[in-house]
Amino acid sequence: MKIVLARPPKTQGGLEKSSVQQPINLCSIAAYLNANGHNTEVWDFEVEDSGPETVRSRLEQSRPDLFGFTALTATIKAAHEIACLVKVYNPEIPIMIGGPHASATPKQTLEEFLNFDVVVIGEGEETALDIANRLEKNQPYQGIFGSAYREKNRVVIELARPVIKSLDDLPYPDRSLLKLSLYKGASTPGLEGENLQSTELFTSRGCAEKCIFCTVKGTFGLGVRFRSPDHVIGEIIECKEKFGFNHFTIEDDTFTYRKSRLKELCQKFKELNMTWDCDTRVDQVDEETFKLMRDSGCVKVAFGIESGSPRILRLIKKRIELDQVRNAFKAARKAGLITQAFFIVGSHPTETIEDIKLTKAIIREIKPDFLLVNVMVPFPGTELYDIMKERGYINGTEDWNKFDCLHGRPAWRTDMFIGDQLIEIQKNILLSYYLTPFYLWRIFKKMLTREGFKYYTSATLGFLKYLFIEDRK
Ligand code: SF4
C-alpha cells in the first residue's frame with residue numbers, strides 16, 4: 001500500500017529557523033511499515049512547502065492509499081488544513097492522525113476535525129501497520145488496539161495497545177525518506193560549526209517521572225524502555241556511513257537514567273569519533289558521569305529545571321532539589337560541557353512574584369550557557385490540564401494554536417497573572433539574564449572566532465526578533 005506520513009507546518013520564529021529537528025518518529029514508523037511490505041514516504045511540512053498547489057501536485061505524483069499525520073496540540077489545526085487538501089484531492093483516502101494531542105483527546109479530535117478518519121493512540125508503529133493492513137484487505141478498523149474511529153455517528157475507542165517491549169525489534173528510522181539538505185546544523189543551540197552534520201537519535205522511549213505538565217506518558221506510557229547498546233551503535237554507524245552524520249542529539253527524555261548502560265554506550269561512542277548532546281535530569285548526574293560523557297564526545301547537556309522555587313518544584317512533581325541543580329551545573333561546567341537550562345513561567349497556577357524572583361536567582365547562580373524560558377501551556381492529557389480546568393482557567397474549547405510554549409499568547413491565566421503578564425515575565429527573565437555584563441562578555445569571547453561570530457550574530461538577531469518583533473498569536 002502506498003502511504004504518506006506527514007508532519008504539519010509549525011510557527012517558526014527567529015529562535016527556531018535554523019534548528020528544525022528531523023521527524024525521526026515518522027522515519028521510524030515509515031521504516032516499520034516498509035519492512036512489512038508497504039511503500040511509505042515522509043513529507044515534512046516544517047521544512048517543505050505546504051501550499052495547496054504543492055500539496056496537490058505531490059498527491060498527484062505519489063497517489064497515496066493512506067495518509068497519516070503526527071501533530072502536537074499547537075499543530076493539530078495545521079494538520080487538519082492539509083487533511084482537507086487531501087480529501088479535496090480524493091475523499092476516498094483514509095487519514096490517520098497520531099501524536100501527543102490526538103493520543104490525549106481521541107474522541108474530541110475525531111469530533112472536532114472531520115477530515116481525520118482514525119486516531120493512532122500512543123506509540124505509532126504497530127497501530128499504523130494494523131490500520132494499513134486492514135485497509136489493504138478492505139477490512140474495518142474494529143478491534144485494532146490503540147485506535148479510535150467513527151462508527152455510525154459515534155466515536156469508538158479501542159482498547160489501549162501495550163507499548164512495544166523490545167525496541168530492538170524495530171528497524172532503524174529511515175532517514176533516507178527525508179530531504180536531509182533542508183535540515184541545517186544542529187537542532188539545539190550552542191553547537192556552531194560548518195562541518196557539523198547533525199541528526200537526532202532515540203536510544204530509549206518514555207520517562208519514569210510524573211511532572212504534571214509533561215505529555216510524554218501519553219505517547220510512550222509510564223516507565224523507560226531501552227534499546228540495547230549494540231542496536232543504538234548499529235544505527236549510529238549507519239548514520240555515519242550512509243549520510244555522513246558526525247553529531248547526534250540524543251532525544252531521550254532522560255538519557256543518563258541507567259548508569260551501567262550509560263557507561264557502556266559512552267565507551268562505544270568513544271570508538272566512533274563522534275560528538276553528541278543530550279537532555280538529562282539534575283538528580284541523575286555527577287562529576288564522574290559528566291567526565292565519562294565528555295570523554296566520549298559529549299559537548300552539551302540540557303536540564304529541565306522549570307522553577308527556582310522549592311514550593312513550585314514540589315507542586316509540579318519535578319522531584320529535584322535546588323542543591324542538585326547547583327551541583328549539576330557546577331559539575332557540567334567543570335567537565336567542559338556547554339549547559340542549557342529550561343524554565344517555565346507559570347508552571348503551576350499558584351506561582352507568585354516571589355517564586356519568579358527565586359527562579360531569577362537560581363538562573364543567576366547556575367549561569368547556563370543557554371537559557372530557554374517557556375510560558376506554561378496546559379497540554380491536554382496532563383495533570384496540569386486538569387488542574388487548570390478545575391480552577392476554571394481553561395474549558396477545553398480554547399484555540400489549539402495558542403497551545404504553543406514559545407509563540408502562543410495564552411488564552412488562560414493563573415491565580416496571579418493574566419496571559420499577557422506571563423509573556424512579560426518570560427521576556428523579563430530572559431533579558432535580565434542575557435543582558436548581564438557577565439553573559440555579554442561570555443558571548444563576546446565566543447564571537448572572536450569566524451564560526452562563533454557567524455553563529456552568535458545570527459542567534460542574537462533571532463533572539464531579539466523573537467522578543468521584540470514577533471507577534472504572539
Ligand atoms: S518533564 Fe522530563 S522528567 Fe518530567 S516527566 Fe517529562 S520527560 Fe520525564
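So, here is what we can say about the structure in this document. In this text the structure is predicted, and so the values were computed from the model without any measurement.

Reading the values: rules and limits
- Residues numbered from 1 in each chain as written.
- Predicted model: local features only at pLDDT ≥ 70, side-chain atom pairs only at ≥ 80, totals over all residues.
- Heavy atoms only, no water.
- Helix = DSSP H or I, 4+ residues; strand = E, 2+ residues; numbered from the N terminus.
- Rg over C-alpha atoms; globule rule 2.2 N^0.38 Å.
- Buried < 20%, exposed > 50% of the residue type's maximum accessible area, 1.4 Å probe, protein only.
- Contact = heavy atoms within 4.5 Å.
- Lys, Arg positive; Asp, Glu negative; His and termini not counted.
- Charge placed at Lys NZ, Arg CZ, Asp CG, Glu CD.
- Near = heavy atom within 4 Å.
- Nonpolar A, V, L, I, M, F, W, Y, C, P; charged D, E, K, R; others polar.
- Phe/Tyr/Trp six-rings, centres within 6.5 Å; stacked < 30°, edge-to-face > 60°.
- Lys NZ or Arg CZ within 6 Å of the ring centre and 35° of its normal.
- Expected span 1.5 Å × (residues − 1).
- Patch = residues over 30% accessible without salt bridge, like charges linked within 9 Å, V, L, I, M, F, W, Y side chains within 5 Å.
- Areas by Shrake-Rupley, 256 points an atom, 1.4 Å probe, with all protein chains shown as cover.
- Salt bridge = Lys/Arg side-chain N within 4 Å of Asp/Glu carboxyl O.
- Axes fitted to C-alpha atoms, helices over the stretch in contact; angles between N-to-C directions.
- Parallel < 35°, antiparallel > 145°, perpendicular 65-115°, else oblique.
- Left-handed = near helix turned anticlockwise from the far one by under 90°.

**A short note on the overall build of the protein**
Scanning the protein for helices and strands turns up 17 helices and 15 strands. For the protein, whose C-alpha radius of gyration is 22 Å, the value lies close to the compact-globule estimate of 23 Å for 473 residues. Considering only C-alpha atoms, the protein reaches an extent of 65 × 55 × 40 Å along its principal axes. Of all 473 residues assigned to the protein, the portion counted as buried reaches 56%. Taking as baseline every contact in the protein between residues at least 6 positions apart, the subset at least 24 positions apart corresponds to 73%. One way to put it: in the protein the 64 positive side-chain charges average out to a point 3 Å from where the 64 negative ones average out.

**Here we look at the site of the ligand**
In the vicinity of the ligand, the residues found are C207, E209, C211, F213, C214, D253 and R281. Taken together, the residues of the shell around the ligand sort by class into four nonpolar, no polar and three charged.

**So, the packing of aromatic side chains**
For the coordinates displayed, the defined rule picks out 22 aromatic pairs. Ring centres 5.1 Å apart and planes at 65° place the aromatic pair W400 and F403 in the edge-to-face group. Comparing W400 with F403 shows no difference in burial state: the two are buried. Across the ring face of W43, the terminal group of R58 is positioned such that the distance to the ring centre comes to 4.3 Å. Across from the ring centre of F438, 5.3 Å away, lies the NZ or CZ of K367, which sits over that ring.

**Concerning helix 1 (residues 24-35)**
Taking 1.5 Å per residue, twelve residues should reach 16 Å; helix 1 reaches 16 Å between its end C-alpha atoms and fits that length. Burial analysis of helix 1 places nine of its twelve residues in the buried class, which makes it a mostly covered element. Inspection of helix 1 places I24, L26, C27, S28, I29, A30, A31, Y32 and L33 among the buried residues, and these make up the whole buried set. Buried-residue contacts for helix 1 involve strand 1 (2-7), strand 2 (39-44), strand 3 (66-70), helix 6 (125-136), strand 8 (198-201) and strand 9 (204-205). Phi turns positive, to about 95°, at G37, one or two residues after helix 1.

**A look at a nonpolar patch on the surface**
On the surface, W441, F444 and L448 cluster together into a nonpolar patch covering about 370 Å² of accessible area. With respect to the helices, strands and loops of the structure, W441 is situated in helix 16 (residues 437-446).

**Side note on the packing of helix 2 (residues 52-62) against helix 3 (residues 76-89)**
Orientation of helix 2 relative to helix 3, taken along the N-to-C sense of each, is 50°, at an axis distance of 10 Å. As summarised for this structure, helix 2 and helix 3 are arranged oblique, according to the angle between their axes. For the pair helix 2 and helix 3, the sense of crossing is right-handed. Within the contact between the two elements, helix 2 uses P52, V55, R56, L59 and E60 and helix 3 uses I82, L85, V86 and Y89. In terms of residue class, the contact of helix 2 with helix 3 is built from seven nonpolar, no polar and two charged.

Nothing here speaks to function; it is all geometry.
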